[in-house]
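Each chain, letter by letter, is given below.
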Amino acid sequence: AQKVTQAQTEISVVEKEDVTLDCVYETRDTTYYLFWYKQPPSGELVFLIRRNSFDEQNEISGRYSWNFQKSTSSFNFTITASQVVDSAVYFCALSEKSGGSYIPTFGRGTSLIVHP
Amino acid sequence: ETGVTQTPRHLVMGMTNKKSLKCEQHLGHNAMYWYKQSAKKPLELMFVYSLEERVENNSVPSRFSPECPNSSHLFLHLHTLQPEDSALYLCASSQELQNTEAFFGQGTRLTVV
């Protein structure tokens, strides 16, 4: 079973639309970390946000916002007023303890295409 | 200079060749990782090194052999690969093991023919 599910394989929007990328995770740990990364066409994954399991406060950073809901095991990502430069693959990841380390598991990614 | 640099960016190799992928980080991080990214599959963690010691090997076939000579450099030695090994190989580093964010290189696009 997947530990991180990004049900949306591809989303296509027109510039200035708002878009939400879903992420649902599965863990039995009480301490864990959630991440979002952006992978532009150049290839490297770029870190966007980290959340620990004890901090359910939603966060806003410019046009980006994240909604962490432990009750539904979701960590959704919203881009407001999308731009063409937002076109990329976005990955959600879960880091749980394995042995002495936190080992990450990535979702399959959601490809976002923003049309001008 | 970018934080994590991978070379080469593209590699085509035959199934009988031996090649190596190189990763270098200039961020002073203690942990380094190899990931494999295939089309339509989740990002797969292959190896994790912390302070030059391997701490994770995710059941990776022995035709992939990592080497971490120091905390700034990570290699992935390849030999007798199969066409299904064709993928984007990403290197990453983090300050410590994985409750901190990782910084990724641009990857090596490997094609096995």
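What comes next concerns the included structure. (Residues numbered from 1 in each chain as written. Chains lettered and ligands numbered in written order. Predicted model: local features only at pLDDT ≥ 70, side-chain atom pairs only at ≥ 80, totals over all residues. Heavy atoms only, no water.)

**What to know about the overall build of chain B**
Short version of the rule: By the criteria applied, helices consist of DSSP H or I runs no shorter than four residues and strands consist of E runs no shorter than two, each listed in order from the N terminus. The reference for a compact globule is 2.2 Å times residues^0.38; the radius of gyration itself is calculated from the C-alpha atoms. We call two residues in contact when some of their heavy atoms are within 4.5 Å. Positive charge is attributed to Lys and Arg, negative charge to Asp and Glu, and no charge count is given to His or to the chain ends. Charge positions are represented by NZ for Lys, CZ for Arg, CG for Asp and CD for Glu.
Within chain B, the regular secondary structure consists of zero helices and eleven strands. For chain B, the succession of helices and strands along the chain, N to C, is β-β-β-β-β-β-β-β-β-β-β. The C-alpha atoms of chain B give a radius of gyration of 13 Å, which matches the 13 Å a tight globule of 113 residues would have. Dimensions along the principal axes, computed over C-alpha positions, put chain B at roughly 35 × 30 × 30 Å. Of all intrachain contacts in chain B linking residues separated by at least 6 positions in sequence, the fraction that spans at least 24 positions is 53%. Between the mean site of the 10 positive side-chain charges and the mean site of the 11 negative ones, chain B shows a separation of 13 Å.

**Some points on the interface of chain A and chain B**
Threshold: Buried area counts how much accessible surface, traced with a 1.4 Å probe, disappears from two parts once they are put together, with both parts' losses summed. A side-chain nitrogen of Lys or Arg and a carboxyl oxygen of Asp or Glu constitute a salt bridge if their distance falls within 4 Å. Polar contact criterion, stated in full: a pair of N or O atoms within 3.5 Å, where within protein one must be able to donate a hydrogen and the other to accept it, and residues adjacent in sequence count only if both atoms are side-chain atoms. Each residue is assigned to one of three groups, with Ala, Val, Leu, Ile, Met, Phe, Trp, Tyr, Cys and Pro labelled nonpolar, Asp, Glu, Lys and Arg labelled charged, and all others, Gly among them, labelled polar.
With 19 residues of chain A at the interface, the matching set in chain B holds 20 residues. On the chain A side of the contact with chain B, Leu45, Phe106 and Arg108 of chain A bury the most area, a combined 26% of that side's loss. Taken together, chain A and chain B are joined by zero salt bridges. On the surface where chain A and chain B come into contact, there are three residue pairs in polar contact (both at pLDDT 80 or more). Taken together, the elements giving at least two residues each to the side of chain A that touches chain B come down to β5 (33-39), β6 (46-52), β10 (88-98) and β11 (101-106) of chain A. Here the side of chain A that touches chain B takes five residues from β11 of chain A, the largest share from any one element. Per-class residue counts for the side of chain A that touches chain B are ten nonpolar, six polar and three charged.

**Notes on the nonpolar core**
Note the cut-off: For this analysis, a nonpolar core means a set of buried residues of the types Ala, Val, Leu, Ile, Met, Phe, Trp, Tyr and Cys, connected via side-chain atoms within 4.5 Å. Burial classification: accessible surface area is computed with a 1.4 Å probe over protein chains only, and a residue below 20% of its type maximum counts as buried, one above 50% as exposed, and the rest as partly exposed.
Core analysis: the largest hydrophobic core is formed by 23 residues, its most contacted members being Trp36, Phe77, Tyr90 and Leu112 of chain A. No other element matches the four residues that β10 of chain A contributes to this core. Setting aside its immediate chain neighbours within four residues, Tyr90 of chain A contacts Gln6, Leu21, Trp36, Tyr37, Lys38, Leu48, Tyr64, Phe77, Ile79, Gly109, Thr110 and Leu112 of chain A. By size, the runner-up hydrophobic cluster in this structure holds 22 residues, among which are Leu11, Trp34, Phe64 and Cys68 of chain B.

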